Amino acid sequence: MNSFWQDVRYSLRMIAKTPGYAAIAILTLALGIGANTTIFSWINSTLLNPIPGLANPGEVVSLSLGRGTDNPFPFTYPDFEMMRGGQRSFVGLTGCNPTPMSLTGKGKPERVWGSVASANYFDVLGVRPILGRGFLPEEDKTPGGAPVAVISYRLWQTHFGGNPEVVGQTIEINEHRYTIVGVTPAVFQGSATGLRSEVWVPVMMEEQVLPRNDLLHDHHYFWFVVLGRL
């Protein structure tokens, strides 16, 4: 222990004698640590754990069509319906579209990221809401017939004060009223890497939240991301 304190005192004396060199060394160490932290954070968020909160994330894959394009939304909704009904390679297929949404109804509208998603979205991803439920199969059938929403843990805390009775309350999105049916775990931020979704609504409500109408029957507009669980 005595030798340790001797080394400490010697180091302090050397720093006092050459403060410029010490400052450069400390700055170099700080930059190196910062760079390594940034690189690890990027690798973790894009390669190791791009969608935090999923159950068994190694089983979840993103599908694409071999069109030779860089479109991040490779499917139409009719494409998705056709694949979902006839495939045997996956436990389940789900689809979504991340999109900006406006929270309205109280004060100044707030712009957040949200997603429209097929009813089995949370089931396929293995995300269990901490309050309430995800979407039901019947909320995937009638266009405009499922005005319900699942909100993020963060939105639950910031807009509803963590109220345990939030399920059953309403939230206004793009000037349309939705009933809150569930709250996601804090770790789950959605299925789009780098985007934090705050609210999810059934894909049947796409006309209320997306700028282009009748996408459920459009065979030519590519806007849907499809994920599958092996």
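Here the structure is a predicted model, which means the values were calculated and not measured.

We now examine the overall build of the protein. Each helix and strand counted, the protein has 6 helices and 9 strands in total. In the protein, which comprises 230 residues, the share counted as buried stands at 39%. Counted over contacts in the protein with a minimum sequence separation of 6, partners at least 24 positions apart contribute 68%. If you sum the accessible surface of the protein, you get close to 13,200 Å²; carbon and sulfur atoms cover 58% of it.

On to helix 3 (residues 77–86), then. Looking only at helix 3, the buried set comprises Tyr 77, Pro 78, Asp 79, Phe 80 and Met 83. One side-chain oxygen of the residue at the start of helix 3 lies 3.0 Å from the amide nitrogen of Asp 79, identifying that residue as Thr 76.

Summed over all chains, the structure comprises 11 aromatic pairs. Summarising the aromatic geometry, the rings of Tyr 77 and Phe 224 are spaced 5.4 Å apart at their centres and angled 75° between planes, so their arrangement reads as edge-to-face. Of this pair, Tyr 77 sits in helix 3 while Phe 224 sits in the loop between helix 6 (206–209) and strand 9 (225–229); the two residues are 147 residues apart in sequence, bridging distant segments of the chain. There is no split in this pair, since Tyr 77 and Phe 224 are both buried. Judged by centre distance (6.4 Å) and plane angle (70°), the rings of Phe 122 and Phe 188 are edge-to-face.

Next up on the list: the nonpolar core. Residues Ile 151, Ile 171 and Ile 173 are the most contacted members of the largest nonpolar core, which totals 35 residues. Apart from the residues within four sequence positions on either side, Ile 151 is in contact with Trp 156, Phe 160, Val 166, Ile 171, Ile 180, Gly 182, Val 183, Thr 184, Glu 198, Val 199 and Trp 200. Residues Phe 122, Leu 125, Phe 135 and Trp 200 belong to the second largest nonpolar core, which totals 18 residues.

Attention now moves to unusual backbone geometry. Here the phi dihedral of Asn 56 falls at roughly 50°; this positive angle occurs in a residue that is not glycine. On the secondary structure map, Asn 56 appears in the loop between helix 2 (19–48) and strand 1 (60–62). With a phi close to 50°, Asn 174 is a non-glycine residue in the positive phi region. You can see Asn 174 is positioned in the loop between strand 6 (170–173) and strand 7 (176–183).

So, on to the side chain of Glu 198. Tracing the sequence through the fold places Glu 198 in strand 8 (residues 197–202). Within the local environment of Glu 198, its side chain forms a polar contact with the side chain of Ser 152, the two groups lying 2.5 Å apart. Apart from residues lying up to four places away in sequence, Glu 198 is in contact with Val 112, Trp 113, Gly 114, Val 150, Ile 151, Ser 152, Arg 154 and Leu 155.

The element strand 8 is extensively covered by neighbouring structure, given that 6 of its 6 residues are classed as buried. Where strand 3 (residues 110–117) and strand 8 come together, 5 bridges link them in parallel fashion. Within strand 8, the residue paired with Val 116 across the bridge is Val 201.

Thresholds, definitions, all that
Residues numbered from 1 in each chain as written. Predicted model: local features only at pLDDT ≥ 70, side-chain atom pairs only at ≥ 80, totals over all residues. Heavy atoms only, no water. Helix = DSSP H or I, 4+ residues; strand = E, 2+ residues; numbered from the N terminus. Buried < 20%, exposed > 50% of the residue type's maximum accessible area, 1.4 Å probe, protein only. Contact = heavy atoms within 4.5 Å. Areas by Shrake-Rupley, 256 points an atom, 1.4 Å probe, with all protein chains shown as cover. Polar contact = N/O pair within 3.5 Å; in protein donor to acceptor, adjacent residues only side chain to side chain. Phe/Tyr/Trp six-rings, centres within 6.5 Å; stacked < 30°, edge-to-face > 60°. Core = buried A, V, L, I, M, F, W, Y, C linked by side-chain atoms within 4.5 Å. Pairing = 2+ DSSP bridges.

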